Structures are given as C-alpha cells and as structure tokens.
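# Commentary on secondary and tertiary structure
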Protein chains: 2
Amino acid sequence: MADSRFVYHFNERHVDGHGGMKDVLGGKGAGLAEMCRAGLPVPPGFTISTEACVLFHHNPPTFPTIIWPEVLAALRELEQVSGKKFGGLPNPLLVSVRSGAKFSMPGMMDTVLDIGLNDRTARELAEETGNPTFVYDSYRRLLQMFGDVVLGISDDKFERLLAVSMRGKRVRSEIELGGEELARACEEFKKIIEGESKVFPQDPKEQLRMAIEAVFRSWNNPRAIAYRRFNDIPENLGTAVNIQVMVFGNKGENSGSGVGFTRDPATGQPGLYGEFLPRAQGEEVVAGTRTPLGLEELERAFPAIYQQLTDIGIKLEKHYREMQDFEFTIENGKLYMLQTRDGKRTGLAAVRIGWDMYQEGLVSREEALIRVEPEQLEQLLHPVFKDEGAEVLARGMPASPGAAVGRIVFSADEAAEIAQKGNPVILVRTETVPDDIHGMEAAEGILTARGGMTSHAAVVARGMGKCCVVGCESLHVDEERKELRVAGKVFKQGDYISVDGADGRVMPGRVQRVETEAQVGLLSDFMGLLEGTSTLQVRANADTARDARKARDFGASGIGLCRTEHMFFAEDRLPVMQQMILAGDARERSLFLGQLKEFQKADFFSILEAMDGLPVTVRLLDPPLHEFLPRREELVAEILRLRAGGVDPEQIARREKLLNRVGELQETNPMMGHRGCRLGITYPDVTRMQVQALFEAACELKKRGKSPFLEIMIPLVSLVEEFRDQAALVREAAQETFARYRFELPYLVGTMIEVPRAALVADDIAREAEFFSFGTNDLTQMTFGFSRDDAGKFIGAYQQRNLLRKDPFQTLDLPGVGQLMRIAVEKGKRARPELKIGICGEHGGDPASIQFCFDLNLDYVSCSPYRVPVARMAAAHAAVRAGKSVKLERVGV
Amino acid sequence: MADSRFVYHFNERHVDGHGGMKDVLGGKGAGLAEMCRAGLPVPPGFTISTEACVLFHHNPPTFPTIIWPEVLAALRELEQVSGKKFGGLPNPLLVSVRSGAKFSMPGMMDTVLDIGLNDRTARELAEETGNPTFVYDSYRRLLQMFGDVVLGISDDKFERLLAVSMRGKRVRSEIELGGEELARACEEFKKIIEGESKVFPQDPKEQLRMAIEAVFRSWNNPRAIAYRRFNDIPENLGTAVNIQVMVFGNKGENSGSGVGFTRDPATGQPGLYGEFLPRAQGEEVVAGTRTPLGLEELERAFPAIYQQLTDIGIKLEKHYREMQDFEFTIENGKLYMLQTRDGKRTGLAAVRIGWDMYQEGLVSREEALIRVEPEQLEQLLHPVFKDEGAEVLARGMPASPGAAVGRIVFSADEAAEIAQKGNPVILVRTETVPDDIHGMEAAEGILTARGGMTSHAAVVARGMGKCCVVGCESLHVDEERKELRVAGKVFKQGDYISVDGADGRVMPGRVQRVETEAQVGLLSDFMGLLEGTSTLQVRANADTARDARKARDFGASGIGLCRTEHMFFAEDRLPVMQQMILAGDARERSLFLGQLKEFQKADFFSILEAMDGLPVTVRLLDPPLHEFLPRREELVAEILRLRAGGVDPEQIARREKLLNRVGELQETNPMMGHRGCRLGITYPDVTRMQVQALFEAACELKKRGKSPFLEIMIPLVSLVEEFRDQAALVREAAQETFARYRFELPYLVGTMIEVPRAALVADDIAREAEFFSFGTNDLTQMTFGFSRDDAGKFIGAYQQRNLLRKDPFQTLDLPGVGQLMRIAVEKGKRARPELKIGICGEHGGDPASIQFCFDLNLDYVSCSPYRVPVARMAAAHAAVRAGKSVKLERVGV
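A brief report on the enclosed structure follows.

Here is what the cut-offs are and how they apply
Residues numbered from 1 in each chain as written. Chains lettered and ligands numbered in written order. Predicted model: local features only at pLDDT ≥ 70, side-chain atom pairs only at ≥ 80, totals over all residues. Heavy atoms only, no water. Helix = DSSP H or I, 4+ residues; strand = E, 2+ residues; numbered from the N terminus. Buried < 20%, exposed > 50% of the residue type's maximum accessible area, 1.4 Å probe, protein only. Contact = heavy atoms within 4.5 Å. Areas by Shrake-Rupley, 256 points an atom, 1.4 Å probe, with all protein chains shown as cover. Lys, Arg positive; Asp, Glu negative; His and termini not counted. Charge placed at Lys NZ, Arg CZ, Asp CG, Glu CD. Phe/Tyr/Trp six-rings, centres within 6.5 Å; stacked < 30°, edge-to-face > 60°. Least-squares fit on C-alpha atoms with pLDDT ≥ 70 in both. Expected span 1.5 Å × (residues − 1). Polar contact = N/O pair within 3.5 Å; in protein donor to acceptor, adjacent residues only side chain to side chain. Axes fitted to C-alpha atoms, helices over the stretch in contact; angles between N-to-C directions. Parallel < 35°, antiparallel > 145°, perpendicular 65-115°, else oblique. Left-handed = near helix turned anticlockwise from the far one by under 90°. Nonpolar A, V, L, I, M, F, W, Y, C, P; charged D, E, K, R; others polar. Buried area = accessible area lost by both parts, 1.4 Å probe. Salt bridge = Lys/Arg side-chain N within 4 Å of Asp/Glu carboxyl O. Pairing = 2+ DSSP bridges.

### Observations regarding the overall build of chain A
- Of the regular secondary structure elements, chain A holds 34 helices and 30 strands.
- In terms of principal-axis extent, the alpha carbons of chain A reach across some 105 × 60 × 55 Å.
- In chain A, which comprises 893 residues, the proportion classed as buried is 58%.
- Taking all contacts inside chain A whose residues are at least 6 apart in sequence as the whole, residues at least 24 apart take part in 68%.
- Surface summary for chain A: the accessible area is close to 36600 Å², and the carbon and sulfur share equals 49%.
- Each charge sign in chain A was given a centre, from 111 positive and 127 negative side chains, and these centres are 1 Å apart.

### Focus: the packing of aromatic side chains
Residue and element names in this part refer to chain A.
- Counting across every chain of the model gives 44 aromatic pairs over all chains.
- Considering the side-chain rings of F695 and F738, the 5.4 Å spacing of their centres and the 90° angle between planes classify their relative orientation as edge-to-face. With F695 in helix α26 (residues 684-703) and F738 in helix α27 (residues 720-741), this residue pair connects regions lying 43 residues apart in the sequence. No difference in accessibility class separates F695 from F738, as the two residues are buried.
- Judged by centre distance (5.2 Å) and plane angle (70°), the ring pair of F786 and F794 falls under edge-to-face. Across the pair, F794 and F786 agree in class, each one buried.

### Structural notes on the relation of the copies chain B and chain A
- Relative to chain A, chain B is turned by 180° and slid 0.1 Å along the rotation axis, the superposed coordinates differing by an RMSD of 0.4 Å. The transformation just described matches what one would write down for a two-fold rotation axis. Of the C-alpha atoms belonging to chain B, the one lying closest to the rotation axis is found on N669(B), 2.0 Å away.
- Looking at the interface residues of chain B, 100% of them are also at the interface in chain A, so both copies use one shared face.

### Topic: helix α22 (residues 586-610) of chain A
All names here are of chain A.
- With 25 residues, α22 extends 34 Å between its outermost C-alpha atoms, agreeing within 8% with the 36 Å of an ideal straight helix rising 1.5 Å per residue.
- The complete set of buried residues in α22 reads R589, F592, L593, L596, K597, Q600, K601, D603, F604, I607, L608 and A610.
- Two to three positions downstream of the cap, the backbone nitrogen of R587 sits 3.2 Å from a side-chain oxygen, assigning the N-cap of α22 to D585.

### Things to note about the packing of helix α5 (residues 132-150) of chain A against helix α8 (residues 204-218) of chain A
Residue and element names in this part refer to chain A.
- Taken N-terminus to C-terminus, the directions of α5 and α8 make an angle of 45°; their axes are 10 Å apart at the nearest point. The orientation of α5 relative to α8 falls into the category oblique. Crossing handedness for the pair α5 and α8: left-handed. On α8, the residues touching L142, F146, V149 and V150 of α5 are Q207, M210, A211, A214 and R217.
- Here the residues of the contact of α5 with α8 sort into 7 nonpolar, 1 polar and 1 charged.

### Let's talk about the interface of chain B and chain A
- Of the residues lining the interface, 50 residues belong to chain B; the matching set on chain A comes to 50 residues.
- When chain B packs against chain A, close to 4400 Å² is buried across both sides, 56% of that on carbon and sulfur atoms.
- When the buried area of chain B at its contact with chain A is split by residue, M672(B), K793(B) and L803(B) rank highest and sum to 15% of it.
- Between the two partners, chain B and chain A, sit 4 salt bridges.

### Comments concerning helix α13 (residues 347-359) of chain B
Residues and elements named next belong to chain B.
- A rise of 1.5 Å per residue sets the reference length of α13, with its 13 residues, at 18 Å; its end C-alpha atoms lie 18 Å apart and thus fit the reference within 8%.
- Within α13, the full set of buried residues consists of G347, A349, A350, V351, I353, G354, W355, D356 and M357.
- Directly beyond the C-terminal end of α13, a positive phi value near 75° is found at G361.

### Details of the side chain of R563(B)
All names here are of chain B.
- If you trace the backbone, R563 turns up in strand β26 (residues 559-563).
- Note on R563: relative accessible area 19%, which makes it buried.
- Those residues within four positions of R563 in sequence are excluded, and the remaining contacts are N541, D543 and R619.

### Brief notes about the pairing of strand β29 (residues 836-839) of chain A
Residues and elements named next belong to chain A.
- Looking at chain direction, strand β28 (residues 771-774) and β29 are connected through 4 bridges and run parallel. Each bridged residue has a counterpart across the sheet, and for F772 the counterpart in β29 is I837.
- Looking at chain direction, β29 and strand β30 (residues 860-863) are connected through 2 bridges and run parallel. Across the sheet, I839 pairs through a bridge with V861, a residue of β30.

### Quick word on the environment of I681(B)
- Tracing the backbone shows I681(B) in helix α25 (residues 677-682).
- On a C-alpha basis, the gap between I681(B) and S82(B) in space is 85 Å, while along the polypeptide they are 599 residues apart.
- In contact with I681(B), not counting residues within four places along its chain, are Y798(A), R801(A), L803(A), E722(B), D725(B) and Q726(B).

### Considerations on the sheet that holds strand β21 (residues 483-486) of chain B
Residue and element names in this part refer to chain B.
- Spatially, the 3 strands line up as an open sheet ordered β20-β21-β22, and their pairing is antiparallel. The open sheet has two edge strands, β20 (476-478) and β22 (489-492), and neither has a second partner. Adjacent strand axes in the sheet meet at a mean angle of 20° when their direction is disregarded.
- As judged from the 3 bridges shared by β20 and β21, these two strands associate in the antiparallel manner. Counted as the bridge partner of H476 is R485 from β21.

Take a look at the structure:
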C-alpha cells in the first residue's frame, strides 16, 4: 500500500473509502463507505484497515501502537459529527466494533456492541432518558459480549444467570426483566468477570482498544482458519475493523429494525420486499423469537419512513446496479441504513431480475448474464415442489432434477403399459438395466435403491432430462412381490409417490408442484441474451431425433455425441443385434448386419433431418458385445427353469448356445477390454455397416434438399495405427456410397480422446484425425484408475476424510485429467492448427469444467439436451469473465 | 561428404577405404577394404559409394553419368592389378557386381556374377582352358542372372529349360550336363531373352553399366522397402555397389570353396570351425545340394592352405578383435578370402568367447560385455534339451524358460505329494489359481491349456524361475478323470512328459537334456566382469526368503518389490485372511489381523535377514479383497453340493455367509476398483498391522546385530492426499514400534507410480514421498486402457495387422508410458532432487526397457530373481553404450 494511513472515515461530511476498496477496508467497510458516498443515512464511523490486522499478527501478536493516535483522532471526529461524547455526559457516544474481511466469513469473527458504556454513563443515561430498561439492557449486553469476546469468559455463565432471573420473574425476554433487574444483572455480570480474575475496564477508550484487539485476534480463531481453508481464502489478508456510532431500534415506540430486498428474492418481482419489528434491535428480526411484520405494516405505521426507504431502494439499485439486501434501524423516528449487499435469490428471481434490469437499462447484457449462475437455470427447466414441509420417507442422491409425481411401478414393461393408459408412473427399481429404457421413457420419474450419480439410471435419466433419484439405500424394493418397503411403510404397485430430483427426497402421495409456464417464456427471453456471447459452442449428446429436436430448441449448435449403440437396445433391434453377435461366421453375420443397417439408416435419417445444417458427431459402436446379451446368472437361472418345465429341447439348446457365447465374451475388466475401435478392428464389417448406414441416410437427405453434415468419430483410440485403420475404412465406405449416389458430401473423421495414451501422442493422431472429442468420463476413469462402477466403495470414505473434495466424474480434475487435456490440445494443434476440438463427457455440462474448456480454447462442449441452457450460460460467463472482468469489478460490490 | 569421389579401390597395392566407412562403402565394401588393409588375400576390386545410389534415385531414377569415367578408370586399374583384360583375350577379366548397404539386408537386393563374358570370350576361353564345362556354366549363369536381375525376365523360364535338359540327360546338377550341352543352353537362354524383346549386350562395359544400374534399382524393390520398414532402416541411405574380380572354386581339382568361423559358434571353443567343398563355388556350400566336409578334410587335402587359413583366422581376430565368420575360395591352389564378418553365435558361445577374449587380452572388459546380448544369458541359466528332433505333441506359449521332464499330475496337492516322494512332476492344469502355489513350487514345470504370457501361471512361474508353458490350446485337460488328451493320445497321471519353456514345445516321454554345470561356472566368472559398470542398480522382485537369497546370489543390490499379499495365499494363512475379510466389525477383524501380523513378522524377518544390509522395498496390501475368497461360481456349486449331501446346516450357512460377502465384494472392473491404497484408507488397521509386523521384524534383526533397511511402498496412489494419509499411518506405526524397542532404524516411505494421474502430479507427490517405483504393468494397462486379462481378444489381431509391433506389456511403450515416466521423473526430481526412483514392473527385466530406464537416470530396475543376470547385463550395456560408444564404433566392423 502506497498510503501509510490506517483509518478511513465514513460520515455524511467526509468519506475516505469507496466500494472498490475491499482489500483495504474489507467488504463491510467498503460497503459502508459506498453507502455514505451515495448519500444514504448511515450511522457515522470509521474503518481500521486490514493492514493493521496484518501488523497485529506479526509474531508474537501485539497491538500495533502505531495506529492508536489515528484511532483517537477518528474518535474525536466522530464526536464532532455525532454531537456526542465518548465516555462523556450528558450525551455519551456508544460505538460498535465489528470485523469485516475482504471475503465474507459470516459469523466466523467477533463483534462487540455498546462500547462506551460504564457504570457512570449507564447510571446517568438511565436517569436522563428515563429508560433504564433500555440502558441497562445495553450495558448488560456490553458486559456479556466483552466478557465473552474480549476476556474469553464462557458465554454460558452469563446466559445461565439470565435464565435464572427470567425463570424467577416468569418472563421470556431479557427486556421484560425491567431496568432494576437488568441493573442487578449487570452487577452480577461484573462479579462473574471478577471471579475469573479479569477486569472490565471502566475507561471507554480502554474498552475500545481491547475490543479492536479482540477482533484482530479473531481472524486467527480456529473456526475462522477452518473456514478459510475450506473456502480457499488466503491466510494473510487480515480483517478490517469497523467502529460505528450505535443506533437503537429498541429505544421506544418510534423505533424499530428491519431487513429488506429491493426486489422479491423468490420471484424477482419488482418493489420492496422485507420484514420489520417495532421496538427491536436488528438481531431480534433475524433471531425469530418475535414474529416480524411485513413491510406493508411499516408503510401503515410510518408512511414517511416507508417512502424514504422506497426512494433509498431505488437509489441503491441505481448506485449498485444490483438487487440489494439491506438492514435498517429507526431510532426515534429517524431512519438509518446499517448495511447493504447484493441479495441472494432463487434461480427464478435471478433470471427475472437479470432480464428486468436489462430491460430497464440498468445493466448491460453481459452484466445481466454474469449475475445468473448457470446452475440456477435448472430451476426454470424443471417443475419444482411447492410444499417444502411434506413428509419425507427417504433421501437418495439427486441424480437428475425435476419434481415427479406418479403411481409406483416395478418393471419397465408395466411402466410403459400403465403410462399408455394415461397414468403418470414412477419406475421404482433396485437398479435399472439397459433393457429398462422404454420403461424409463414412459415414466415421470425414476427411483432406485442402488447405484450412484453415474449409475445407469442416473446417466440415462439425465440424458432424457427426466427426474431421477438413485442410491436410496433405505428402500427395500421387492420386485417379485411388487412392494416397496420404506420407513416402516409398505407401498404397493399403483400407490402414489412424489420424487424430488433436485434434492433426492422421496415423499408419499401427491405433493403439489409450482406452475412453470411463465418460467418457460422468461427463460426463452433470457436465453436470447446469450446469442453470440461466447466463442465456445454448445452441442448436445443426443441419440434420438426427439433429443436432437429438444437440443435444437435449447439452442444447441450441433450434436457432439450420437451414440449408435443405444439404438440397438430398442425392443425390435436387440434380437437382431444378438443374432449378429451369435453368428457363426462373417457370412451369417452379414445377414444380420444388413438388417441392423436399415434400422440405423432410418435412425440417422431422422436425427440428421432434425439437425439439418448443423454438424452431427456420430460415434461408432463402443460398448463390449456382451452388453447386448443377457447376464450370465439370468441365463443360467432361465435354463434351469426351462429344463424343469420340460420345454422343447431345441429352445434349451438355443439358450445354452447363448450362454456359451456369453461365457466366451465375459471379461475381467470390461471397461478396458474388447470395445471401442478394438471391435471395429476385429469386426471391420460392423464399422462398414455403420458408416454405410450413415452416409446413405445423409445422401437421401441431400437428395431432398437438406444439408446434413456428418462427423464420424472413432472411439477408444490409444494408438494412431488404430485410428488409421478405422479412418481408412470410414473413408472407403463413404466414397463407395458417394459413388452410388453420384455426388459427394463434406464430412470429417475424428477421434475420441478418452484413453490417456491418446492424449500423450495427440500430435501423431492429429496428423490423421480431423477432430478430437474428449471423452472425459473414460479419461477420468483411466487417469485415476477409478472404475466408476466400483468407486462408490471408497469414494465415500475419501470425501468424508477430505482426501477428495470434488467428485472427478462431475467436475474435471484439472491437475490430472486437465493436464492430459492440455497436452492433447497443445500437441494436436501443433500438428494440425485447424484441428476442431470438443468435449462430450458429462463434464461438458458442468460450469466449472466448461470454464476450463473455454480457457483451453476448445471449439465446443457437448452435454445432454437438458443441460444445454446451463452450458450456454457457463460458456457465456467464461467469455464475459475473460473479456470484461475488469469493467465488472469496478461496478459490483 | 567433403570428398567428391564415387569410387574406392581395394587391391593389394591400393586401398582407399577402411572398416569404419560403412556409411559410404556399405558393410560389404568396408569389410573388403579392411581385409585388404589387413593384408589378406582378397580378389581385387572397387566399390561405388552409396552416394551414387542416392543420386540414381533422384526423381526420375536415372543412371548418374557423372560416375562413369571414374568406373572406367577403376576398371583399368583392375586390369593392371589382375593382369587380365575386361572383354579381352587371352585372359578375360570377369567381375561380380554386388550390392552392400550400411546395414545388412540379407538377400533383399541383387547380384550379378561373371560380368565380362560374351559369345566371343566364352568360345575362346573354352578353347584356351580346355574346360568348356566350367566356361559355359559360367556364361549360362551370367545370362540367367542378367536376364532375371537386369532385364526383368522371370527366372522360372531359365530354370524350366535347365530342368528339361537335366531330365533328358538324367543328371542332377548343371555341371554334369557338360560343355556342349551347357553351350547349347546358353544359345537357348539368349533366345528366351530375345523372345522377351530384350537384348543381352555383348559389350562387357554395357553389361557392367546395366548391372550397376540394376543393383541401384534393387534398393527400392518392394521386399527391400518392407525389410527396411520392419527393421527401422532409413530409406535414404542407398546401397553401395562392389565390383570385384571373379575367382572360381569350381575350376578343377585344385579348387574349392568353404565357410568358416574362427571359434566354434555353438560352444565358443577356440580353433577354426567350418565346412569345405572341393570343386565348388561358394553358393554350393550353403545351398546344401552336396554335403560339405569338415575343415579337418581341408587340412588333410591341402595342409598348406589349411595352415594359411589358420594364420588368417588368428590375424582376423587380432584385426577385428571379434570372432569372425568368413568365406573363402581356392582357385587353382590359391586361397582367396571373399568375406569376413562378426560371427553369429549361441548364448553359451557368446559368453565363452567374451570371457576367453578378455582373458587373452584381445578385448577390454567393456567390449567383452557389450558383445553378449543380455537375453543370451538366459541360455546359461536354464537347462536345455539336447534332441531338437523329438516328437512334438503340441505347442503353447513359452512363458518361462527351462527344460522340464517329469510325471504328469493334475492338482497342486498331488504335485506336492508325489514330488515329496522324490518324483519329478509336471503340473498340468487348465489354468492355475492362487491356491496352486504349493503345487507349482513342488513341480519341475507347469503346463496350462489356457491363459497368456501374463496369466497367473506365467507370472508366478517366471517369478520362481520355473519352466512354464501356457495357453497350449490343443490340450484337453480333464482334471476330474485325471487325463490329458492331446494329438489323439491319452496321458494318465504318472506318465512322463517333457516341456520346453524356451519355445513352448510339449513332448512325450523323457527327452534328454544338456549338462549345465560347466555353464554355471562360466556364467559366474563372466558376471564378475559386470561389477561397477553401471550406475543403474538391479534389484529383484521377491516375496520369500528363498527368492531373496537367489536374487542375492545373482548379484541383486536389494529387493525392489516384496508383495505382501502373496504371503497370505499360503495354505495356513489363507483361512485367517478369509476370516479377517469376513469379520463383522473392527474388533473381530483385529483378532485375525493379530494372527496375520505374526505370520508377516516371521516372513519379513527371514526376508530382511537374507537381504541383510541391502534395501528391501515392501509394498503394502494391493489386490482387491475378493481375490482371497473363493470364486462365486465355485461357491454356488459347493453350496448346491452340500445341500444335496444333507450336510450340517451350520456348515452350509457359513458358506452362504461367505457367498454373501463375495457378492458384496464383486466388482465390475476389479483392476480399477477397491484395491491398493484404497484398501489401506478404508481399512487403516490393515496398513497398521502390516507396518507393525515389518518394523518389529526389522527391530528384532537389529537386536541381533543385523542391518535391515526397509522402504515402505504405498500402492496405487493417484492423489497426493492418499499418499499423505497412508504415509502418516506408516510413520506413526514405525514410531510406536521404535518407542517399544527404544531405538530407531532408518527407513523410507515412498509410492508406486502406476496410475497415470500419479505421474502427472508427481511434483506434488514427491514433496511427500521419499522414493518412486514405477509399476509399469498397471501403468501400461491404464495408459492404453488395455486390461491385460482381456487384451488377448484383440492384441492378436493387432499384431497380425501390424497395428502394434511390440507387446507393450513386455517392452515399455516409449511414446505413451515412457512419456508419462519422463514427466514423473522430471517433476519428481524438481520437487525433491534426492528422490530415489526405480521400476518394478515386468519391464524391469526387459533389456530395451532397461536402456530407457538408464536414459531416464533411474536408480534401479527390479525384476524376478532369474532375470537379475539379464538385467545386470542390460544395465552394463546401457552404461557402456552411453560412455564409450565412440571408442567401440572405431574398433568393430
């Protein structure tokens, strides 16, 4: 700091600081200075800079005497401004001493109020004001807080004494004890202090000095240290100390305190919103011991003050260009503003306020955008429950947001059947399997007893934008008996339950939901602001035309991942796929491949049609073949059943053949086994079939005047030779098709980067591949050596013991996975400067990960259709932060 | 090249080149020049430099006319030196034109012999010498080779014509046709050439020019290109062309040809060794149409020439300081040396020759070492079969070398039982499981029908240095009926078979083996030369005191990997381990942990004792717990059996409880599941038990005056937080133990680097860890995403299609895994310069990988005890190459 001063004034005549000086004045001090500058009625005071606190903490911690003359001078100025005298009579000046660091650390550090009172001033003030109750309650507070905070005496001792008094007098609040009893309590309090061999200084200046020192000291109390560590707040900042003239909302009938917002924090509706308590200090409003009144009561009781507050609200928003959350006190009919800060709000309110303020010309487009957290958009995309007080049966993991209400069903087939009759259903399963897809599609929501945030149910439901709660361990799902047992209750098929995908709650019956139509309109308006803000495009992961259309509605600029295999799980295709896998030789296989090709062609046709003019990245077959076959255990059980039932031996033989093939295909670690391009290399005819289907569909669309654009993606590449092999096949099959159609289409061939080695040799691969797409799900698995399906067994313990702060499957692990991505981007671009690079793992929908992708200068992120708005916001935020962060810094608080 | 000449002479008067000029003269040309320099009787000639070939291949390939005047001048010098005249009479000069590149490419490029003959010289020469058979056979050869090589006419056409002639005359060789018939053949050959519209030039200079051009051209024939690609030989080197006066071993009774070695290439025994054919050209000696005689016959027939050859052999070895493989021809009683090169040899001979030459003062220690390939030592470490012609029943994969003969047994228990009675046994299994260890130990050899080079049987057998053949798919092992069916035969328990672990052969009965005792002495002498040559130490992977002692005998400088879990698989420990895993709570678990601790303490005591004074790196428990429990299928079958048998229900309940736990522990991808330090973190008491056992054993040894040195290794770390957690536990348990013993021991705590992320954040980890050990088995799995257990399904196809040249589990993949290792070493050493770094994957025994470890400046490699000699040689080679490669380059050929 160039300036060598330690004290900064704020009063109506003289303001040294301003809102941009949080480094020096802390958040509170900067805010008080800024309010003064804005001409608001703020109780005058001064701030001791954070630097003083840093000085204090030089080893060993000692009060920095260098600041004391400045403090005394500031005190004198305060006496002049307020017309009161510190420690003097008839009008003693009382002050508060509060901490206030650069970053908010709510409740972590200390505060002492009513400094300046002592035996003499209390006595004379009580006489003078004729309000001994108020005066001795204040003195009592000072003794108690000073004892606790400054002298280190357990607060319990004071509280116990007060409790005894209140019981004796049969009253419920200290104030009801009355002046005489409170004066007695003050005497007792002083005895407690003496009993601890401590001294309460009667000299107000000594009180002040000790209180300042205590606040300095509180910067390093254990809970503050823990808080800073947890929130990544640097240790060496120190706290500022704010000394401010006390005002009293509890002085009498014409006094009171309140809190307010300049707009409704729940809905964003314009106009003041808040609460008010007459004859009360601020703490009582928030403590909840008395029920506060709405601000309309303030309007009725003190119309002039309400008008003044309304004007101040407008002034505050003009000044801060943000919705404000403020505290005020009325002392004998005079309004004081004690604090203002940006108000917290719901997602709905955030969007509404952002949009309104932009319309009002109060903020720029970038500001409107940056103030809505990407995740907050989720609240506008899905219905939410109204009643927060509903009975909760169990809690699982909130895998996919939404508020679902429906009848319980226990199988996918029944889900489809009952839903078709117009009944909303909730599919309740121990775990879901790929065969359940049609049931999941039919259901309002999905609830499972097992599995984590990345289980099959969770991943598929998020892909569908469908409400889903997983890993709800206290559920006992008896699929045979069609019963759900939980919390001592039994639910049968057809009973209603409600599932909250936003917080994991499972509730009995039909819980009411909030209307959402207005939200959709608002969201659409607001999303309009995003156009063209970011260089980082957002695509969607979509495997069906329905998802593709949904993604396009949400503003996706293409499909970043179309998984071809999901198409094979559909009821009419799975048997053909299975026959293909069971085929004895290439000729037999080609028969079934021919059938599958027609399915794929039709699927791709509708997807490419939906995305007309936009790029569609199709990943060739990825999962191991055994995923398309029944499980070994199920087959064994079925064969035993068939045998016992005396069924046609040929039917049994067929199942046995299937069992045999399942055995052959079994793998120890399927995640790292025979899948991805390894399949395409061992079964080139499967690759050829897929590529032919793709290009035939594209050519058909072209003939109809459309503009399909395919990006063919080779999965699980770890060697450039793998890519070369498959890319040659793709290009050959494309040329064959073009030759048949007598025209060519533009297309790209690229690769997933999802194996660590691929990232390491990205330069070699980029010489052959036209684009990269980071498959960060698998890349995270292999970089950590964490199998997603198994990591549940230890990741819990890791998070409990703080070995792992964020789930790397949700937010990109920058030191490890991020480093590999950086290597891949650098090497890839060096080898091919025009290389297109995207990401299609689930991280593509995570705002923190999107920020990293923006920093890496990727071309796009791809996420599930329902995450597209969130991802677009995150991309816009990254762009705004990168280009305009300095400008915003000055404006905000 | 500074020099602008293209032609280099070699004759007894004038030698331009020397042995160090392979770049310019190719290997053959450099060798011929060097032999001339050494005063050996070499037919005179000259070499056209590789640069001329490079010029030729400028696009489009054209004969570089610039070289022609130099060639003609050289030809004139050749005429002077030989006293013959090219194309002239009465003494026509005939020359050979041969290719010869820098790196040997045997048989890939072309040669034309007898250039200089034409109708006229042939006729007159036949008359003059009175040997028309010899002359027309030579002319026939010229026409045939020229037609094939220079004019591109299929050799078949010539051969078919010769075959008809020989059938007609009922003779078996061309020479037997006689002069008249051969002259007729020449006429017919010329007609063939004309029939193809080609011309055989009668002008010898034109013959020469065209032959030179053909040799240049042959540098780029498809098989030469393929060979270079496969052997990593650069494309732009070009070949030199050697023009040399022809000599004829087939001129008459006083002529002949032979090949020889200066020492026996099979045993290394000193003295000439070779073969000789009278009245023959060199090609006939190697062609095998006539049976050659031993050199002792040469001694009898031509004692003076034999003596001359003996002297030349000694001269050659003095000159080249290497055992030589040479070719010679006797033309009319005069000896000519045609070629000499370093002789190929068996491992035994390599060691013997190295040792002898060092003793003889012929080579330095470094030279003696560098000439023995590390892998060649394997041949001295294991017995080998004598009879290469034995009947082969089947071939499997050679998993661990050795020649084992014994009686067939089908179970580990029987192996142990029968072996104890003094019978050698071969354990024959479909696959081995951890329970089989005692049987594997008892057996001479192990043979399995399933599994690859990295299956359980293979890994364990290599660890034991025991002969093992795996994946022998044509075996039908019926363990129930105790029968082995293979190649239509049935073998019963007790029948003898022989198994060759070096090449995978399975043979019936008892095949004879070579004596090996002399080898052991020689090996031990030779290994003495290694002392102190390399900065890269060699440690062993050893889990038992026996292995540790073996490793020490082989010169290991410590244990780089002691796997603690193998100890738990022993018969008396497995049940305790299982009870520990089944324990309901920490208290119950602690009971069994207590028992396990005593086992471990005893094990570690004996291992540390065996390695007294040397470091022992102990890896904490690594495999997933389910590996210690029976397999699910086996348990289900057992329970069904027990139920059917009406066994005590309590026994059944115990198995069911076990089955339940097995189910709980089941994992989708166990390789990336709950194992390694993840176990130690969720079960800290297991870590504590192991560390206590370790330090108690060490303290007990210390009390007995020994110097144990422990390095505790945390497995599967991917987060520094994991390491911090476990290292704290280790240090705490160590301190507790020291406190009890009232003294401290030095020790280190370090980590495996086997997860890609650990390599990427190696700087963070190195701030906490005192050593790194690369676990390249797992690191390779995760870097490639190849599950070792499953990769067999596609790695075969990969190698077939040349997508993967080397198995990355055998030789380190430098671009991927090597890159990660380099990152880890650089980051690790930056954070902690004194960081000790080793490698303990199977690559630690692979010479190419060891070279890389040396280049990375690692402190040690660790491999199975039986690989220690090989690894020490490889480490010595790396050091010699790094420090002295220039000096050696000049000396060798």
